[in-house]
Every structure is written in structure tokens, then in C-alpha cells.
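# Working through the structure, step by step
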Amino acid sequence: QVQLVESGGGLVQAGGSLRLSCTASGRAFSTRNLGWFRQAPGKEREFVAFIWSGESTYEADSVKGRFTISRDNAKNTMYLQMNTLKLEDTGVYYCAVYGLGDVRRPHSYSYWGQGTQVTVSS
């Protein structure tokens, strides 16, 4: 069993930055592949970024060049550095542990955090 806790969300003006954290309980964090998703009101959960245990990364086109996913295995923590935030980045951000399948699909993930709200204002 893995428990995930996100933090770092908040209210920020467009063009600003935030760093989200996702801390995991349980063993073998360093061997797990992890992802970030987000969900805006009335919309489906959307893939944001993915990081393999070997620390290779993959970002959605909508955030590429603005968001950076990283991890610190010694702290059992994954991060999402978000720069040049836009209004359309508003939503609840979730971290998740990958299971099997397409990394861009929510059903490919086994464990989820409770989410942290990010609101970008004009």
C-alpha cells in the first residue's frame, strides 16, 4: 500500500510560479514510476508529466518548457516546478503511482493522492 500527499498549491498570478510536492509513504519509492495529473472543474483528469525511476521525464505538450518534474528519492518526494503559469493551468493537481499501460491515462495508475488546488488569476 502506498499513500501520497500533495502540497504546495495556492493562488498565483498569471506568469508566476509554484512548486508542488508529492510525498509518499511505503517502501521502494525509488523504484516507482510516478505521474502528475490535473483536473479543472467540469473537465476530465488530464496528464501533466511523468518521471521514471531512472529519472527520465515526459511532459504534456501543454506544459513543456514551463513545468519540470523531478524527484528526490532520499526524501520519498516528487516535485512539479511550474513556471510561467497561465489561467488554463488552474485545477486540482494530483500525483499518482504508475501501474501499467499508457502513462497519459489515469486508469494506468494504481495509487492517487488527494490533490492540491492551483488557481491562476489574471
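Refer to the structure presented above.
For clarity, every value in this text was computed on a predicted model and none was experimentally measured.

### Section: the environment of T31
With respect to the element layout, T31 can be found in the loop between β3 (18-24) and β4 (34-39). Since its relative accessible area comes to 53%, T31 is described here as exposed. Taking the C-alpha atoms as reference points, T31 and Q114, 83 residues apart in sequence, are found 22 Å from one another. Engagement of the side chain of T31 in a polar contact is seen with the backbone oxygen of A28, the distance being 2.8 Å.

### Remarks on the nonpolar core
W36, L80 and M82 are the most contacted members of the largest nonpolar core, which has 33 residues in total. For this core, the secondary-structure elements that each account for two or more residues are β3, β4, β5 (46-51), β7 (67-72), β8 (77-82), β9 (91-98) and β11 (116-121). When near neighbours in sequence (up to four residues on either side) are disregarded, M82 contacts G16, S17, L18, L20, R66, F67, Y93 and V118.

### Quick notes on the pattern of salt bridges
For the structure shown, the criterion picks out 5 salt bridges. Note that D89 is salt-bridged to R38, the shortest N-O span being 2.8 Å. Highlighted residues: D89 in the loop between β8 and β9 and R38 in strand β4, separated in sequence by 51 residues. With a shortest N-O distance of 2.7 Å, R66 and D89 are connected by a salt bridge. Here R66 is found in the loop between β6 (57-59) and β7, whereas its partner D89 is found in the loop between β8 and β9, with 23 residues between them in sequence. Each member of the pair, R66 as well as D89, is classed as buried. A single salt-bridge network, built from bridges that share partners, covers R38, E46, R66 and D89.

Calculation notes
Residues numbered from 1 in each chain as written. Predicted model: local features only at pLDDT ≥ 70, side-chain atom pairs only at ≥ 80, totals over all residues. Heavy atoms only, no water. Helix = DSSP H or I, 4+ residues; strand = E, 2+ residues; numbered from the N terminus. Buried < 20%, exposed > 50% of the residue type's maximum accessible area, 1.4 Å probe, protein only. Polar contact = N/O pair within 3.5 Å; in protein donor to acceptor, adjacent residues only side chain to side chain. Core = buried A, V, L, I, M, F, W, Y, C linked by side-chain atoms within 4.5 Å. Contact = heavy atoms within 4.5 Å. Salt bridge = Lys/Arg side-chain N within 4 Å of Asp/Glu carboxyl O.

Bear in mind that shape data such as this cannot, by itself, settle questions of function.
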